[in-house]
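Chain residues, written in single-letter form:
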Amino acid sequence: MAHDHHPKTDVHIEEAVTHDVAPPGRTFVVFFILVGLAFLALFVGFQNDLGPWKVLASLCVAAVQASILAVFFMDLRQADKVTWLIALSGLFFSGLQFLFTLTDYMTRYLGVL
Amino acid sequence: MGQQLATVRMGMWVFLVTEVLFFGGAFCAYTTYRIMYPMDFEAGSAALNVGIAGVNTFLLLTSSLTITLAMRGCFIGSRKTLARCLLLTTLLGSAFLGLKAREYFLDYEEGLIPGVSKLTPAAAEAHAARTAALYAEGEKLQADAKAESDIVARDLYERGADLKSRAALPPVAFNENLKVALSHNKAFTGRPLDEQAYDQGPAGTSTAAGAHDYDPYKVQLFFMFYYSMTGLHVLHMIIGIGLLIWQYVLTARGFFDYTARYIYIETMSLYWHFVDMVWMFILPMLYLTGPHTAGHAIEQFKHAVGLATGGH
């Protein structure tokens, strides 16, 4: 196919079969959902009587936002298994980073305090 | 061809994983210290400009939309859509950076730089008034001492001397600037711990510790995190805008008329979305951590862009 006279059309067709680039309609729907969530994030941020729950609620909203961004805008939706594996490995290794750092620091002064 | 494109995408994701770990390190260090000093970090957050951060959130989200539309434009072979959307994305990113620069400048004007040596005029005034009151109180205690019996007199005299020596201490510029900056946020009710020792009577009698009382020295630590994390994010934005401009030039030269090359735009968009994603976590963790109100945020933004006269 690389020797074709009309590479533009053919590559387009092949890609369209194996991979689809979201039409503007769907992109806008995802965008408005993300905007809604951004308002929600700010709304949660302005609730000053939640105490320690505020950070938890904020992080939940951020996690939902990030997931939608990754699945739709970053197109994990159509990604192959290896790409998913790589993306999730990022989460996994950050998780390890947090786990071992926090288990260390949060238990350091137990005997002292 | 399909496999080539899949490989390109995968390669970008591998790079993004290294980026996740890079920012993850900063967030992890932040989390560790936040758990240690929760009130101090909330106080630091209360002094930040949520108005600008809020507007920037929407600018960045919209730029994520436009770069996705740019990719679509390239995919369907519309050079015009591609060029327009790339340009829009560049503009939105630049607007973000412009506001961010304005925010840094306002932080600088408020003297909120860790280790800063200069008091802002307002902070100098507040500090002078407080030390004068402190000195006068010390003088009064020592004057009272004269009318008392020996043991009480010595105690009063020493307390007076203590207050006077406190009043003579040179101010820590950041701490004083911070107090002034925090006084603008009405939702914030915390008091600095370094003042409570003498504002609330002798040690042990202080009962009025509020929910947000803070140690200004630890707030300096928060500000180190604030500058390094937002600074890293800004650095990523600058690189992203450089790439966008490069792709705009390529578009103008017809490089993307060969539509399979939309993969370049897609790879770029992955990076851009990632930068947006980092911001989604920076916003709640740095800006929204402390007490804020929507009204104050709006005022902050108006003030930042010169729509409000006076006030903060």
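Quick notes on the rules
- Residues numbered from 1 in each chain as written.
- Chains lettered and ligands numbered in written order.
- Predicted model: local features only at pLDDT ≥ 70, side-chain atom pairs only at ≥ 80, totals over all residues.
- Helix = DSSP H or I, 4+ residues; strand = E, 2+ residues; numbered from the N terminus.
- Buried ≥ 20, exposed ≤ 12 C-beta atoms within 10 Å, placed from the backbone.
- Contact = placed C-beta atoms within 7 Å.
- Rg over C-alpha atoms; globule rule 2.2 N^0.38 Å.
- Core = buried A, V, L, I, M, F, W, Y, C linked by C-beta atoms within 7 Å.
- Nonpolar A, V, L, I, M, F, W, Y, C, P; charged D, E, K, R; others polar.
- Axes fitted to C-alpha atoms, helices over the stretch in contact; angles between N-to-C directions.
- Parallel < 35°, antiparallel > 145°, perpendicular 65-115°, else oblique.
- Left-handed = near helix turned anticlockwise from the far one by under 90°.
- Expected span 1.5 Å × (residues − 1).

Trainee: I would appreciate a short explanation of the overall build of chain A in the present structure.
Mentor: Summing up its helical and strand segments, chain A has four helices and zero strands in all. Residues counted as buried form 24% of the 113 residues belonging to chain A. Relative to all contacts within chain A whose residues are 6 or more apart in sequence, the contacts with residues 24 or more apart total 38%.

Trainee: When you look at the overall build of chain B in this model, what are you seeing that I'm missing?
Mentor: Along chain B, the regular secondary structure elements total eleven helices and zero strands. In sequence order, chain B lays out its α and β elements as α-α-α-α-α-α-α-α-α-α-α. Against the globule reference of 20 Å for 312 residues, chain B gives a C-alpha radius of gyration of 26 Å, more extended than a compact globule. Buried positions account for 42% of the 312 residues belonging to chain B. Summarising the internal contacts of chain B: among those between residues at least 6 apart in sequence, 78% fall at separations of at least 24.

Trainee: Help me out: how do you make sense of the environment of Phe93(A) in this one?
Mentor: All names here are of chain A. Along the chain, Phe93 turns up in helix 4 (residues 81-105). Residue class for Phe93 comes out partly exposed when judged on the 15 C-beta atoms lying within 10 Å of it. As a C-alpha pair, Phe93 and Ser67 span 26 residues in sequence and 17 Å in three-dimensional space.

Trainee: I keep staring at the nonpolar core and nothing clicks. Help me out?
Mentor: All names here are of chain B. In terms of nonpolar packing, the biggest core is built from 91 residues, with Ala70, Met71, Cys74, Val278, Ile282 and Leu283 touching the most fellow members. Considering every element that reaches this core, the biggest residue donor is helix 10 (residues 262-287), with 18 residues. Ignoring anything within four residues of it in the chain, the contact list for Val278 reads Phe23 and His233.

Trainee: Looking at this structure, how should I read the interface of chain A and chain B?
Mentor: When the parts of a complex come together, some accessible area is lost, and that lost area is often used as the size of the interface. Between chain A and chain B, the residue contacts involve 47 residues of the former and 48 residues of the latter. The set of elements that each furnish at least two residues to the side of chain A that touches chain B consists of helix 1 (7-18), helix 2 (24-45), helix 3 (53-73) and helix 4 of chain A. At 13 residues, helix 4 of chain A tops the list of elements feeding residues into the side of chain A that touches chain B. Along the lines of polarity and charge, the residues of the side of chain A that touches chain B split into 29 nonpolar, 14 polar and four charged.

Trainee: Honestly, the environment of Phe27(B) in this entry has me stumped. Any pointers?
Mentor: Residues and elements named next belong to chain B. Within the secondary structure layout, Phe27 lies in helix 1 (residues 2-36). We classify Phe27 as buried; it has 20 C-beta atoms within 10 Å. When the C-alpha positions of Phe27 and Met285 are compared, they lie 8.7 Å apart, and in sequence the two are 258 residues distant. When neighbours within four sequence positions are excluded, Phe27 is seen to be in contact with Phe281 and Met285.

Trainee: Before we go on, may I ask you to explain the packing of helix 4 of chain A against helix 1 of chain B in this structure?
Mentor: A pair of packed helices is characterised by two quantities: the angle between their axes and the separation of those axes. Between helix 4 of chain A and helix 1 of chain B, the least distance of the axes is 9 Å, while the angle of their chain directions is 15°. Judged by the inter-axis angle, helix 4 of chain A sits roughly parallel to helix 1 of chain B. When the axes of helix 4 of chain A and helix 1 of chain B are compared, the crossing they make is right-handed. Within the contact of helix 4 of chain A with helix 1 of chain B, the residues separate by chemical class into 15 nonpolar, ten polar and one charged.

Trainee: Just to check I follow, could you spell out the environment of Ile241(B) for this structure?
Mentor: For Ile241(B), the location among the structural elements is in helix 9 (residues 216-252). When the C-alpha atoms of Ile241(B) and Trp272(B) are compared, they prove to be 9.0 Å apart, with 31 residues separating the residues in sequence.

Trainee: It is not clear to me how unusual backbone geometry should be interpreted in this structure. Could you clarify?
Mentor: Backbone phi values are negative for most residues with the exception of glycine, while trans is the configuration of most peptide bonds. Not every positive phi belongs to a glycine, and Asp75(A) is a case in point at roughly 60°. Residue Asp75(A) is classed as buried on the basis of its C-beta count, with 21 C-beta atoms lying within 10 Å.

Trainee: In this structure, what is going on with helix 4 (residues 79-109) of chain B? I would like to understand it.
Mentor: Helical geometry: 3.6 residues make up each α-helical turn, so side chains three or four residues apart lie on a common side. All names here are of chain B. Taking 1.5 Å per residue, 31 residues should reach 45 Å; helix 4 reaches 44 Å between its end C-alpha atoms and fits that length. All buried positions along helix 4 are accounted for by Leu82, Cys85, Leu86, Thr89, Thr90, Leu92, Gly93, Phe96, Leu99, Lys100, Glu103 and Asp107. In this fold, the buried residues of helix 4 make contact with helix 3 (50-75), helix 9 and helix 11 (294-304). Backbone geometry just downstream of helix 4 places Gly111 in the positive-phi region, at approximately 70°.

Trainee: For this particular structure, what's the right way to read the packing of helix 3 of chain A against helix 10 of chain B?
Mentor: Where helix 3 of chain A meets helix 10 of chain B, the axes come as close as 9 Å, and the angle between the chain directions of the two elements is 175°. The orientation of helix 3 of chain A with respect to helix 10 of chain B, classified from their angle, is roughly antiparallel. The residues of helix 10 of chain B that touch helix 3 of chain A, namely those facing Ser58(A), Leu59(A), Ala62(A), Gln65(A), Ala66(A), Leu69(A) and Phe73(A), are His273(B), Asp276(B), Met277(B), Met280(B), Phe281(B) and Pro284(B). Across the contact of helix 3 of chain A with helix 10 of chain B, the residue classes break down as nine nonpolar, three polar and one charged.

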